[in-house]
Amino acid sequence: MNELGIQCGYFDGQSAAEQSISVEFMMDGLVFQVPGGGLVSWSYDQLRLISLQRNNGHMTLGWAEDDAVRMRIKNREAGEQLFRLAPHLKADRPEKGVMKPVMVSGAIVAILAMIYFSYPVFRQAIIMSLPDSWAQEIGNTLAQVSIGKAASCTDPQGLIALQTLTDRLTKGVAMPYELDIRVIDAPIVNAFAAPGGQVVLFRGLLDEAQSIDEVAGVLGHELGHVKHRHPLKRVIDIYGFELLLTSLGGNFGGYSSMLLMMSYSRDDEREADETSLSLLKDAHISGDGYADFFERLEEKQSFLPDVMNFLSTHPLPEEREQTIRERDDVGPTTPALNKSEWHALRNICGSAGRKLDDWDLQDEEIINI
Amino acid sequence: MSTVLQELDAEQPEPDGVTFDGQGRELFVVYLVNILLTIVTFGLYRFWGKTRIRQYVWSHLRYKGDAFEYTGTGLELFLGFVIVFFAVILPLIGVGIWVQLLLQQGDITLVIVIGGLLYLVFFCLFPIAIFRAYRYRLSRTLWRGIRFGLTGTGRVYAAKFIGYLLLQIITLGLASPYTTVKLYEYLVGNVWMGSGRFSLDPSWKPLMRPFLMFWGCIVFYFVLFVAAQVAGTTSINFLAFPTMIAIACFYFYYSAAVYRHVVGNIMFEGVRFSVDLKGRELFGLFFVNGLLLVFTLGIAFPWVIVRIMNFMVDKLAVHGEPDFEKISQNTEEMPTYGEGLAEAFDIGSI
Ligand SMILES: [Zn+2]
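Cut-off values and rules
- Residues numbered from 1 in each chain as written.
- Chains lettered and ligands numbered in written order.
- Predicted model: local features only at pLDDT ≥ 70, side-chain atom pairs only at ≥ 80, totals over all residues.
- Heavy atoms only, no water.
- Contact = heavy atoms within 4.5 Å.
- Buried area = accessible area lost by both parts, 1.4 Å probe.
- Salt bridge = Lys/Arg side-chain N within 4 Å of Asp/Glu carboxyl O.
- Polar contact = N/O pair within 3.5 Å; in protein donor to acceptor, adjacent residues only side chain to side chain.
- Helix = DSSP H or I, 4+ residues; strand = E, 2+ residues; numbered from the N terminus.
- Nonpolar A, V, L, I, M, F, W, Y, C, P; charged D, E, K, R; others polar.
- Buried < 20%, exposed > 50% of the residue type's maximum accessible area, 1.4 Å probe, protein only.
- Donors = N, O, S within 2.8 Å, 3.2 Å for Na, K, Ca; no water.

## Notes on the interface of chain A and chain B
Residue-level contacts link 45 residues of chain A with 48 residues of chain B. The contact between chain A and chain B buries some 4,000 Å² in all, and 56% of this surface belongs to carbon and sulfur atoms. In this structure, the connection of chain A to chain B is made through five salt bridges. One can count 16 residue pairs in polar contact (both at pLDDT 80 or more) joining chain A with chain B. Of all the secondary structure elements, the ones that give two or more residues to the side of chain A that touches chain B are strand E1 (6-11), strand E2 (19-25), strand E5 (47-52), strand E7 (66-73), helix H1 (76-85) and helix H2 (99-129) of chain A. Sort the elements by how many residues they give to the side of chain A that touches chain B and H2 of chain A lands first, with seven residues. A class-by-class count of the residues in the side of chain A that touches chain B yields 20 nonpolar, 13 polar and twelve charged.

## Observations concerning unusual backbone geometry
Residues and elements named next belong to chain B. Although it is not a glycine, leucine 172 adopts a positive phi angle of roughly 55 degrees. Judged by relative accessible area, leucine 172 falls into the exposed class, the value being 65%. Positive phi, close to 50 degrees, is recorded for glutamate 269, a residue that is not glycine. One can find glutamate 269 in the loop between strand E8 (266-268) and strand E9 (271-275). With relative accessibility at 37%, the residue glutamate 269 sits in the partly exposed group.

## Things to note about the coordination of the zinc ion
Residues and elements named next belong to chain A. Here the zinc ion is held by the protein donor atoms His221 (NE2), His225 (NE2) and Glu269 (OE), which lie 2.0 to 2.2 Å from it. Written as a sequence motif, the donor residues of the zinc ion are H-x3-H-x43-E. Of this pair, histidine 221 sits in helix H6 (residues 212-227) while glutamate 269 is found in helix H9 (residues 266-282), placing the two residues 48 residues apart along the sequence. The same class applies to histidine 221 and to glutamate 269, which are both buried.

## Here we look at the pattern of salt bridges
Here the structure, examined in full by the defined rule, presents 18 salt bridges over all chains. Measuring nitrogen to oxygen at the nearest pair gives 2.6 Å for the salt bridge that ties aspartate 66 of chain B to arginine 144 of chain B. Of this pair, aspartate 66 of chain B sits in strand E3 (residues 66-70) while arginine 144 of chain B is found in the loop between strand E4 (141-143) and strand E5 (146-150), placing the two residues 78 residues apart along the sequence. As far as burial versus exposure is concerned, aspartate 66 of chain B and arginine 144 of chain B are alike and both buried. One network of salt bridges, in which partners are shared, links Glu18, Arg72 and Lys74 of chain A together with Asp66 and Arg144 of chain B.

Pasting the structure below:
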């Protein structure tokens, strides 16, 4: 048998010395006599190409059964013969098998794109299947965080006026949740909607408003968020994003607070504005107050650099004002509340005629409406 | 069935010494695939990508025709990184944030103390990271199925590293040849190939002359600067640029001397090594590589690696041959995970 075999080098994994063996290329594997041992067969599918020498085609082989032993084929023709018998060895090099990783990348990109584009559908499904009580629970928690220690205003006349305004705006309009509208005693010019039908107006907004129609516009806007379940959408976005980051293996806990400040998308804001206008129209309330509000917001914000406006998730005030002013003619209108009701609403926190020195342009205030 | 081949088995000559037959073109394919997969996995693939690059480079580096082999895996590198991230990086970030808070509270003394300690920790971790990276790479390197290894500990290496640095500071840098050689002595003296151990003769005096030229230039530059300041004159400013050029020249001159000296004093089982390397050749290598990387925005990275490998192999000569019969398998314990710490410091791009 030895006369027929190919002379190869053998390294037994015990010493660095090369031993000479004679290898036969059988149908199913390489057969040779281990120096000082018996006859062994390295089947082709157990072979691993460790190195292929460019100039002379010599190759080093490993064997799956014993990770330390190596065989060296020092003969180009024998190497080519081996490639024919064990074609998988050809791809056994880092620079080979390019198609596979390229296809894997393509598949990953395709999956990510699918997730990205189908996400809104998933999100809608989640929103629809979540029990209202859960949404209210989440809303309570979030509202509590935003309000902090500030108290709800409870002047009975004021509460009646608020209820009157709400009833007028939502008359004949189906809301997904039972509404819970509150005024919080804090000098902030802001309002927000939380998941589950909660709407919070801050006292500063009432103090600053120059007419009841301005308040009606802002309330209509927040009711628009409620109607389209925007707050829940936003919460799911935030949790979904955190889930994604966590599943990628990183600890990104620190980002959550930053994300909590992330606002609605501009589309959501436009949708809420549209809803507000339609609520105002159906209630025969003029939209001019709402437009006036943005006109003044524009002045207050004009000192903000353009970059900030660009980064802001809200449409620009001037753009919003323009949209409102260009609305259809709504016919005859009456003020959202009569004078005494408006007076009562302003005093809901028991502090008549209090005026803010100036708007506090801090953090998320104002811009969040 | 092998009868056709029997007349072909006359042995073709093997190249002697150390050779490298990798190609930039092939390595570029590996590199490109790495970039692609790294992007779509948000950077996670880089550990596996690094492994493939090493597999390529190792398997084309040969001694006596037999290729080296890299047996590390991407998973080991990844786990090493995860461990270091949670055990070292995250706590350090925590302390950093704490210092920021203290700074806001105006507690300056505490900030200085903690900040100083933080730098000290970083400083001690750096040499440990280097040592561990070497240990991992060597333990994953095979030649003829025989494993390399690195004994010794990262702590001792770090202690020497820092001690020698202090010595350099005290001696205004004059101890540099001594400390350089001594640090290499510890590192090289702990390298094993199977049962065979490398060692380094710690002579350092021959390095003194090239070092003094480099050092002298720096001192001259410094004196020039001080003199100009004291005299309030700009008339000697024209000397500044030539002196800087001289410093750069002597830096490469000295670096080449260090390589020549250190490699020339390595011993392994009766084998000696030498590198025939001149300062300007070293400069040429770095200069061209730098240009390649800058003007191709890093795309030329694979060719840069191949250039470095070819350069080293071209300059390196092995004198004599060990008794391979006597070199048996390495029985040292292997590290389980790879290089997390070095990854954290961004040491070694391949
Ligand atoms: Zn809004």
